[in-house]
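Architecture and fold: a report
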Amino acid sequence: MSEDTQTVANAETAPERRLNMIEAINEALDIMLARDPDVIIMGEDVGYFGGVFRATAGLQAKHGKTRVFDTPISECGIIGVAVGMGAYGLRPVPEIQFADYIYPGLDQLISEAARLRYRSAGDFIAPMTVRSPFGGGIFGGQTHSQSPEAIFTHVSGLKTVIPATPYDAKGLLIAAIEDNDPVIFFEPKRIYNGPFSGFYDKPVEPWKKHADSVVPEGYYRIPLGKARIVRTGEAMTILTYGTMVHVAEAVAREKGVDAEIIDLRTLVPLDIEAIEASVEKTGRCMIVHEATRTSGFGAELSALVTERCFYHLEAPVERVTGFDTPYPHSLEWAYFPGPVRIGDAIDKLLKD
Amino acid sequence: MAGPVDPEKQPAPAPDGNRPSLSLHVPEPKYRPGDTVDFSDIDIGTPGGQPRPDESAHPSQMGELAYSLIRVLGDDNQAHGPWNPRLDPETLRQMLGHMAMVRAFDERMFRGQRQGKTSFYMKCTGEEATSIAPAMALASDDMVFPSYRQQGILIARGYPLIEMINQIYSNKADKLKGRQLPIMYSSREHGFFSISGNLATQTPQAVGWAMASAIKGDSRIAATWVGEGSTAEGDFHSACTFAAVYNAPVILNIINNQWAISSFSGFAGAERTTFAARGLGYGIAALRVDGNDALACFAAAQWAANRARANQGPTLIEYFTYRAEGHSTSDDPSGYRSAQEREEWPLGDPVTRLKAHLIDIGEWDEERHAAMDLECAELVKATTKEAEKNGILGHGLHHPFHTMFEDVYEELPWHLEEQADQAIRERIAKFGTERPFG
């Protein structure tokens, strides 16, 4: 019996605990700091204060100042020193306060962390999990709302992981930290506190009412590269991730469409088998992401589905995305790929 | 000169009111091709004239060392002053031997590139002391994060020459599997971090390694090398900031060889201040050293290593030297600088100076030196022949195709597996077999 299943088995007999996504992430970090003396956490405001979203709250007090500490405001420096720490043998988990701030660290991520194993033929590796809140829907304007995942999926050598529930956030984060490749771990900040449905004019439900907020205590991992079938269906396949999982689910429910919704969880490596199996079954495919449209990850998904499932398709693949503009402030909900845009795409996909 | 008015070429708007018009300063080196060179304006100070503070000195108490030049070897070939590291003759001969070996190696590899055996090479002629002496001052398990002109470190640490040549030839024995541009070595075993090729990225990485060593309560320190031109990169600023903030046990070496390809050091700020002075703004101990004086280079590196190991934090060292050859085999410096610069360089040649010192103290002679040079050349030649059995670039003796897809990730994901199959199918379509050259 593996350690993974053992822990889950024990958890099944334990009383049910419900956590929001921040709490689940905090718990994963706490567990990994305790399990592995080589794990360190660093980033802007993550130490004494515990992070602007509280993801690292209490961790410095518990694990000490040399395990969890604040950094200068320098994303290039944060990622750069993380590469050196990885070369030493540590397993750094740097936080970039907002995904929108990650760009000064891109050279260290793209040319260094992602390429180190390859260029040194395995002599040196850069195991690191770069955590960063991403996505909009919080009136963050253009510098606190972006979804830059496609920049990273385009880079060979990086893995890109995006959880959509507290249960997944904990298990995927633990798996990411244990992974020996650099992982970009984007946390959809709109759903830190509740599974946002996209109906922004309705009250937000807290996580405690959602089944996937049940988070077992202790260590468990969800393997990278495995998608999750959110709900099974026959009429169409919806490929999505992050916040949009919940929006797509709410719209399908509202419209009474028998959609199969797949939460990809990991964009690279991608669970192509789950995608092919679903699309071959339903014959229709819709892709939903919040990021801008042109060269977005949806383009890659659309190409893959077309290349691999073309003779099963009964209609062209539909992409529902944000617009190709910077993320606006006052017109946030006009930008956001919400229920109207998704609903129209569902109608179009089912028309023929 | 009257003519039709071109609306695109209107004169700049007149200054507003009494304010003077502004002008842009674009730096220009003193000498261009064909110019007569006079370096007498460079203040090189006096050998032995610089004070040597205690390794625990506060950076503000030793500021002058960021502006002067630490020198040991005088024109009289004797070692002078408090920075004299007082190395025993055997160590001095070893240092000279490493420098001679690097020079012989550079000569042969440069020629090999010209003969079409590889695509690229970079010499470090004139700068040998700036990597060999510091490498000898460090412990063998201290970690180095070099730039691309520090082959001297590998020589000093006993990395096998044949591994260097296999890498340069990208052949089937290349430990980096033919993936990297020639001279971008990597050897964890020798504490030598993988060379990037992107500039200054290694500087925050060295700081991170040093921070990790401090986090773990280790005793090993880190050192990094960066060219003066590359200090303009943001990474260098990040490195200095993190090194200062966390008191990291790291040595930040700036090789000021005056030229970044065709851009003179003025394009990195040298017209206004020294590169060592960069350290003072961060509160980092800063030393400026005659980079062609192997004893001064050793002494400065030893001071910084002692300081780091005693938990007194980082040191920034500027090695003031001259890039005697082109940037690389792809560069022709006669197109942008005066050939006289090399001859007129006021601090001479590092090999010549150390050799003269050893002869002067009665520990070396011309015959032995000539014999050593011959021995180095013979060894490099024989090793080159040995390496050529593993192939030279473009002659088919490379690693198997599938290795192209390995090490992108720890495990091969499905999409790379598919692409690997495709590459091998293409290979077979062209040659009828996956490995036409065995």
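These figures come from a predicted structure and were not determined experimentally.

**Quick look at the overall build of chain B**
- When its secondary structure is counted, chain B shows 12 helices and 7 strands.
- Taken over the C-alpha atoms alone, chain B extends approximately 80 × 75 × 50 Å along its principal axes.
- The 438 residues of chain B split such that 48% are buried.
- Nonlocal contacts in chain B, meaning residues at least 24 apart in sequence, comprise 76% of its contacts between residues at least 6 apart.

**Some thoughts on the interface of chain A and chain B**
- On the side of chain B, 35 residues touch chain A, which itself brings 34 residues to the contact.
- Here the residues of the side of chain A that touches chain B sort into 16 nonpolar, 12 polar and 6 charged.

**Considerations on the nonpolar core**
- Residues Val 250, Ala 300 and Ala 301 of chain B are the most contacted members of the largest nonpolar core, which totals 213 residues.
- Sequence-distant contacts of Val 250 of chain B, that is, excluding residues within four places in its chain, are made with Ala 206, Val 207, Ala 210, Ile 221, Ala 222, Ala 223, Thr 224, Ala 243, Ala 308 and Pro 314 of chain B.

**Some points on unusual backbone geometry**
- A cis amide bond, omega -5°, links Val 268 of chain A with the succeeding residue Pro 269 of chain A.
- Even without being a glycine, Asn 77 of chain B presents a positive backbone phi close to 65°.
- With respect to the secondary-structure elements, Asn 77 of chain B resides in the segment before α1 (89-114).
- Positive phi is not limited to glycine here, since Asn 311 of chain B has a value of about 65°.
- With respect to the helices, strands and loops of the structure, Asn 311 of chain B is situated in the loop between α8 (294-309) and β7 (315-320).
- Its 11 C-beta neighbours within 10 Å are what place Asn 311 of chain B among the exposed residues.

**Describing the confidence of the model for chain B**
- Across chain B, the average pLDDT comes to 95, with 96% of residues at or above 70.
- For this predicted complex, the interface score ipTM comes out at 0.94, alongside a pTM of 0.95.

What counts, and where the lines are drawn
Residues numbered from 1 in each chain as written. Chains lettered and ligands numbered in written order. Predicted model: local features only at pLDDT ≥ 70, side-chain atom pairs only at ≥ 80, totals over all residues. Helix = DSSP H or I, 4+ residues; strand = E, 2+ residues; numbered from the N terminus. Buried ≥ 20, exposed ≤ 12 C-beta atoms within 10 Å, placed from the backbone. Contact = placed C-beta atoms within 7 Å. Nonpolar A, V, L, I, M, F, W, Y, C, P; charged D, E, K, R; others polar. Core = buried A, V, L, I, M, F, W, Y, C linked by C-beta atoms within 7 Å. pLDDT = per-residue confidence, 0-100.

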